[in-house]
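Listed here are the chains, written in short residue letters.
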Amino acid sequence: MSPSANSNNVPILDLQAQYEQIGPQLEEKVLSVLRSGHYILGKLGQTLEEELAALSGVKRGVGVANGTDALVLALWAADIGPEDEVITPSFTFAATAEAIALRGAKPIFVEVDPLTFNINPALIEAAITHKTKAIVPVHLYGQPADMDPILEIADRYNLIVIEDNAQAIGATYKGKPTGSFGDMACISFYPTKNLGAAGDAGMIVTKHDRYAERLKALRAHGSKVRYYHDELGVNSRLDEIQAAVLLTKLPHLRRWNEQRNQIAKWYAQGLKNTPGITIPTVAAANTHVWHQYTIRVHAQQNPGDKTLFRDQLIKELANRGIGSMCYYPVPLHMQAAFAHFGCKAGDLPLSETLAQEVVSLPMYPELKEHQVNQVAKAIQEIMTERLISTSTVAPVLTGF
Ligand SMILES: *Cc1c(COP(=O)(O)O)cnc(C)c1O
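Throughout, residues of each chain are indexed from 1 in the direction in which the sequence is written. The model is predicted, so local features are restricted to residues of pLDDT at least 70 and side-chain atom pairs to those at 80 or more, both for listing and for counting; the totals for chains, interfaces and linings are taken over all residues. The side-chain figures draw on all heavy atoms in the structure; neither hydrogens nor water molecules are used.

Caption draft 1: Molecular detail of the overall build of the protein. Of regular secondary structure, the protein possesses 11 helices and 15 strands. Here the globule rule reads 2.2 Å times residues to the power 0.38, and the radius of gyration is calculated from C-alpha atoms. The globule rule puts the C-alpha radius of gyration for 400 residues at 21 Å, and the 21 Å found for the protein is close to it. By its C-alpha atoms, the protein is 70 × 55 × 35 Å across when sized along the principal axes. Here a residue-residue contact requires only that any non-hydrogen atoms of the pair lie within 4.5 Å. When contacts within the protein are restricted to residue pairs at least 6 apart in sequence, long-range pairs at least 24 apart make up 70% of them. What counts as a helix is a DSSP run of H or I of at least four residues, what counts as a strand is a run of E of at least two, and both are numbered from the N terminus.

If you want it as structure tokens, here you go:
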């Protein structure tokens, strides 16, 4: 990840650049934890819970070991288990549906919106059965899902809503923060997320005291009073060293998200006349925190050898020292791990198309304007070259 000898390289991510900004404060805070002898469920973790709840516009936060555990425990606290169905998008990171399956429930995959790539509320109702217990929308890439219609449906069918807010801390929908809409919301502090720990950490935030209390027990072996176990639980805690790292970074989050937004504007400017791609759209109701800057590369396959144009672009960018990545190449309804739920290729055409077309470009707050321009220029050149060399660059797919 460190910039190599070639100063023209643009990595997709640079965590060291962030460390260089706040190194001394981080080290001091972490050292103070080491010296304190208090490593688990202490004051820093509690402060972090309060801060993240406030940032999410709700009362309570419960720190856990990672974002995946946050999802599993939130579903558990809502008593979701075998025989239950949970509606969620297929075009997301595996953990979203994995958590549902790990609870013994069945994920019901619903198609996404063509502009935001988030679950399409208009298609949720048709997926509801008498077994449906919850909806888990994902705020993908840092952009909020369309929450009002989701909450309206949930209200009408008496469903629980758990936001997967792993990627969109600090984003807003109609002026309110992500994490404030559902019964619970799950946060990941995986190091590459907009607010990242120096290791694994996660949190559930909620407006409901009863869920917060249940979650606190579930993360500690089902115990409210030490060594008295009301139910089974797990060991899933956010330790004091991670809390120290996160509390040191938290005051910078707003500025970092603003810098990401500036970078997104530079990309939009630099890429605007590029043939064969679509740049991201921000829905009018939303502010976006740009966990990823993700474009679509149209004309999925080279007619000759069937290689994806997207994959060719990734390769050609790499040849120029530019990092890029596809999140995510296989939608969950086509993954082997979920095949036993009876879902298969062809079920969700838009999710399948997106998985073949999306590519995320370098995005981190320290990225410089000239680097963004360098990436944009490279994409311009590669796509223009392709336009000339192939007669079959597809028109922008307006059908989706
Ligand atoms: C990162 C992520 C998770 C899981 O978080 P971990 O902390 O890595 O367990 C869940 N859902 C989404 C959408 C994510 O991006």
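Continuing now.
Caption draft 2: Highlighting the pattern of salt bridges. Within this document, salt bridges are pairs made up of a side-chain nitrogen of Lys or Arg and a carboxyl oxygen of Asp or Glu, the two lying within 4 Å of each other. Counting across every chain of the model gives 16 salt bridges. Residue arginine 214 pairs with aspartate 79 through a salt bridge whose shortest N-O separation is 3.2 Å. With arginine 214 in helix H6 (residues 209-218) and aspartate 79 in the loop between helix H3 (67-77) and strand E2 (85-89), this pair connects stretches of sequence that are 135 residues apart. Each residue gets one of three labels from its accessible area relative to the maximum for its type: buried under 20%, exposed over 50%, partly exposed in between, using a 1.4 Å probe on protein chains only. According to the relative accessible area criterion, arginine 214 is buried, its value standing at 19%. Arginine 156 serves as the salt-bridge partner of glutamate 152, at 2.6 Å between the closest nitrogen and oxygen.

Caption draft 3: Inspection of a nonpolar patch on the surface at higher detail. What goes into a patch is any residue over 30% in relative accessible area without a salt bridge, connected to like charges within 9 Å or, for nonpolar side chains (Val, Leu, Ile, Met, Phe, Trp, Tyr), within 5 Å. We get accessible surface area from the Shrake-Rupley algorithm with a probe of 1.4 Å; when it comes to residues, only the shown protein chains can shield them. A cluster of nonpolar side chains, namely Leu31, Leu34, Tyr39, Ile40 and Leu41, defines an oily patch on the protein surface of about 420 Å² accessible area. When you line up the elements, leucine 34 lands in helix H1 (residues 15-36).

Caption draft 4: The arrangement of the sheet that holds strand E3 (residues 106-110) in detail. Spatial strand order, E1-E9-E8-E5-E4-E2-E3: 7 strands in an open sheet with mixed pairing. Only two strands of the sheet have a single partner each, and these edge strands are strand E1 (60-64) and E3. Neighbouring strand axes in the sheet, compared pairwise and without regard to direction, differ in orientation by 25 degrees on average. Here, a strand pair is defined by DSSP locating no fewer than two bridges between the strands. Here E2 runs beside E3; their pairing, made up of 5 bridges, is parallel. Axis definition: a line fitted to C-alpha atoms, limited for helices to the stretch in contact. Angles are taken between N-to-C directions and run from 0 to 180 degrees.

Caption draft 5: Spotlight on the site of the ligand. What makes a residue near a molecule or strand is one non-hydrogen atom of that residue sitting within 4 Å of it. Near the ligand, the surroundings consist of 15 residues, among which Gly67, Thr68, Gln167, Ser188 and Lys193 are the closest. Counted as a polar contact is a pair of N or O atoms within 3.5 Å, where, for protein atoms, one must be capable of donating a hydrogen and the other of accepting one, and residues adjacent in sequence contribute only when both atoms are in side chains. Side-chain polar atom of threonine 68 to an oxygen atom of the ligand: 2.5 Å apart, as the coordinates give it. Glutamine 167 is positioned with one of its side-chain polar atoms (N or O) 2.7 Å from an oxygen atom of the ligand. Here the ligand loses 93% of its free accessible area of 380 Å² to cover by the protein chains. Among the elements of the structure, H3 and helix H4 (95-102) are those that each provide at least two residues to the shell around the ligand.

Caption draft 6: Highlighting the nonpolar core. Within the largest apolar cluster, 40 residues are counted, with the highest numbers of intra-cluster contacts made by Phe91, Tyr267, Leu271, Tyr293, Ile295, Leu361 and Ile379. Elements with a minimum of two residues in this core: helix H8 (253-271), strand E14 (293-297), helix H9 (309-319), helix H10 (349-357), strand E15 (358-361) and helix H11 (369-389). The biggest single contributor to this core is H11, with 7 residues. The contacts of isoleucine 295, once residues within four sequence positions are left out, are Leu271, Ile277, Thr278, Ile279, Pro280, Leu313, Glu357, Val358, Val359, Leu361 and Ile379. Definition of nonpolar core: a set of buried residues of the types Ala, Val, Leu, Ile, Met, Phe, Trp, Tyr and Cys, connected through side-chain atoms within 4.5 Å.

Caption draft 7: Quick look at H6. By the burial criterion, the buried members of H6 are Tyr211, Ala212, Arg214, Leu215, Ala217 and Leu218. The inward-facing, buried residues of H6 contact E1, H3, strand E5 (160-164), strand E8 (184-188), strand E9 (202-206) and strand E10 (223-225).

Caption draft 8: The arrangement of the sheet that holds strand E7 (residues 176-177) in detail. Reading across the sheet, the 3 strands line up as E7-E6-E13 and stay open at both edges, with antiparallel pairing between neighbours. Bordering the open sheet on either side are E7 and strand E13 (286-287), each of which pairs with just one other strand. Taken together, the 2 bridges between strand E6 (residues 172-173) and E13 define a ladder with antiparallel strand orientation. Within E13, the residue paired with threonine 172 across the bridge is threonine 287.

Caption draft 9: How the structure looks around unusual backbone geometry. Residue tyrosine 327 is joined to tyrosine 328 through a cis peptide bond whose omega torsion reads 5 degrees. Along the polypeptide, tyrosine 328 turns up in the loop between H9 and H10. Even without a glycine there, the phi angle at leucine 41 is positive, about 50 degrees. By relative accessible area, leucine 41 is classed as partly exposed at 41%. Even without being glycine, histidine 221 reaches a positive phi, approximately 60 degrees. For histidine 221, a relative accessible area of 38% translates into the label partly exposed.

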